[in-house]
Amino acid sequence: GVAQVESTTEPSSQSSSAQSESPTTASAATPAPILRSLNLRVLEAGTDKPLPQTKIRVACFLAPGKSQTVKALTDYQGLAVIELPPEPQTGFNVFVTGQGYVPKVIMWKREELLQDYVLRLAPGTAIGGHVVDEAGRPVAGTTLKFQGLGIDTASTENIAFGPDTDQQTDAAGQWNCAFVPETYQQLTVVAIHPDYALTRTVVLANVPGATNSLIVL
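It should be emphasised that the depicted structure is a prediction, and the values quoted were computed from it without experimental measurement.

Draft legend 1. Quick look at the side chain of Glu44. Mapped onto the secondary structure, Glu44 falls in strand E2 (residues 37-44). Apart from residues no more than four positions distant in its own chain, Glu44 is found in contact with Lys49, Leu51, Tyr101, Leu121 and Pro123.

Draft legend 2. Spotlight on the nonpolar core. Core analysis: the largest hydrophobic core is formed by 23 residues, its most contacted members being Leu40, Ile56, Val58, Ile82 and Val94. Listing elements by their share of this core, those giving two or more residues are E2, strand E3 (55-61), strand E4 (67-73), strand E5 (79-83), strand E6 (91-97), strand E7 (104-109) and strand E8 (116-121). Contact partners of Leu40, with chain neighbours within four places excluded, come to Ile56, Gly78, Leu79, Ala80, Ile82, Val94, Val96, Ile106, Tyr117 and Leu119. Judged by nonpolar contacts, the second largest core, of 19 residues, contains Phe161, Trp175, Ala191 and Ala210.

Draft legend 3. Quick peek at the sheet that holds strand E15 (residues 199-204). Read across the open sheet, the four strands follow the order E12-E10-E14-E15; overall the sheet is antiparallel. Since the sheet does not close on itself, it has two edges, and those belong to strand E12 (167-168) and E15, each with one partner. Relative to E12, strand E10 (residues 143-147) runs antiparallel, the two sharing two bridges. Its bridge partner being in E12, Thr143 is matched across the sheet by Gln168.

Draft legend 4. Molecular detail of the pairing of E3. Most of E3 sits inside the fold, with six of its seven residues counted as buried. In this structure, E3 lies alongside E4, joined through seven bridges in antiparallel fashion. Looking at E4, one finds that Arg57 is bridged to Lys71. Taken together, the seven bridges between E3 and E6 define a ladder with antiparallel strand orientation. Looking at the pairing, Ala59 lines up with Asn93 of E6.

Draft legend 5. Spotlight on the sheet that holds E2. Strand order in the open sheet formed by three strands is E5-E2-E8, and the pairing between neighbours is mixed. Strands at the two margins of the open sheet, each flanked by one partner only, are E5 and E8. Between one strand and the next, the sheet's axes are offset by a mean angle of 25 degrees, whatever the strand orientation. By the bridge criterion, five bridges tie E2 to E5 in an arrangement that is antiparallel. Residue pairing in the sheet places Leu40 in a bridge with Ala80 of E5.

Draft legend 6. Inspection of unusual backbone geometry at higher detail. Phi angles above zero are rare outside glycine, and Asp48 is one such case at about 60 degrees. Inspection of the secondary structure puts Asp48 in the loop between E2 and E3. Phi is positive for Asn206, close to 60 degrees, though the residue is something other than glycine. Assignment of secondary structure puts Asn206 in the loop between E15 and strand E16 (213-216). Judged by its relative accessible area of 33%, Asn206 falls in the partly exposed class.

Draft legend 7. Examining the pattern of salt bridges more closely. Evaluation of the coordinates by the stated rule reveals six salt bridges. Put simply, Asp164 and Arg57 hold a salt bridge, and the shortest N to O gap is 2.9 Å. Residue Asp164 is located in the loop between strand E11 (157-159) and E12, and its partner Arg57 is located in strand E3; the two are separated by 107 residues in the primary sequence. Here Lys145 makes a salt bridge to Asp166, at a shortest N to O gap of 2.6 Å. Note that Lys145 is positioned in strand E10 and Asp166 in the loop between E11 and E12, a separation of 21 residues in sequence. On the basis of relative accessibility, which here comes to 28%, the residue Lys145 falls in the partly exposed class. In this structure Asp166 comes out as partly exposed when scored by relative accessible area, which is 24%.

Thresholds, definitions, all that
Residues numbered from 1 in each chain as written. Predicted model: local features only at pLDDT ≥ 70, side-chain atom pairs only at ≥ 80, totals over all residues. Heavy atoms only, no water. Helix = DSSP H or I, 4+ residues; strand = E, 2+ residues; numbered from the N terminus. Contact = heavy atoms within 4.5 Å. Core = buried A, V, L, I, M, F, W, Y, C linked by side-chain atoms within 4.5 Å. Buried < 20%, exposed > 50% of the residue type's maximum accessible area, 1.4 Å probe, protein only. Pairing = 2+ DSSP bridges. Axes fitted to C-alpha atoms, helices over the stretch in contact; angles between N-to-C directions. Salt bridge = Lys/Arg side-chain N within 4 Å of Asp/Glu carboxyl O.

Encoded structure:
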């Protein structure tokens with residue numbers, strides 16, 4: 001896939017948020033060789049079917065207070081060749097989001113980064129519904145962010161609802177997605193709209209009616 005680079009200079013800080021692109025680990029070891037590229041292949045768990053058009057977002061942590069975000073899509077073989085910044089790297093968070101699959105983040109310290117990596121994504125289940133105001137009118141253009149069960153920093157791979165999992169309601173206030181793990185009974189949803197107060201709620205998952213939830217702003 002063709003990679004796009006976005007540079008930022010925001011201070012890096014640790015965060016428990018699944019949406020965070022801040023490093024979850026740090027290393028004071030002797031600098032490792034700088035890797036120029038990452039070859040990431042994304043397959044379906046259980047079948048090893050390649051997953052094309054999977055979104056890859058790499059948060060590269062460089063000098064203190066500096067980071068770069070590199071974006072890419074997997075090709076028809078499920079492969080993304082991601083060019084990395086030609087600077088000393090302290091760590092990476094790699095968010096992987098495929099339509100209809102449970103999203104993951106891969107977290108590496110600089111001495112752990114592998115040039116070739118295979119990631120397997122499990123099929124997800126569907127949730128959805130409507131966003132309305134207190135009068136019951138649909139609220140279009142609401143951004144929905146999702147929060148999982150937290151990150152295990154001792155694990156390289158974690159389920160994580162990164163920036164590419166955000167959803168937006170349509171003109172009828174409707175939204176839906178299909179990336180919930182089959183083991184989840186519920187999921188925290190944060191609804192954001194410029195004309196309303198931020199609303200945090202919990203929607204049920206993997207139950208009848210999981211695609212008919214109602215969020216009131």
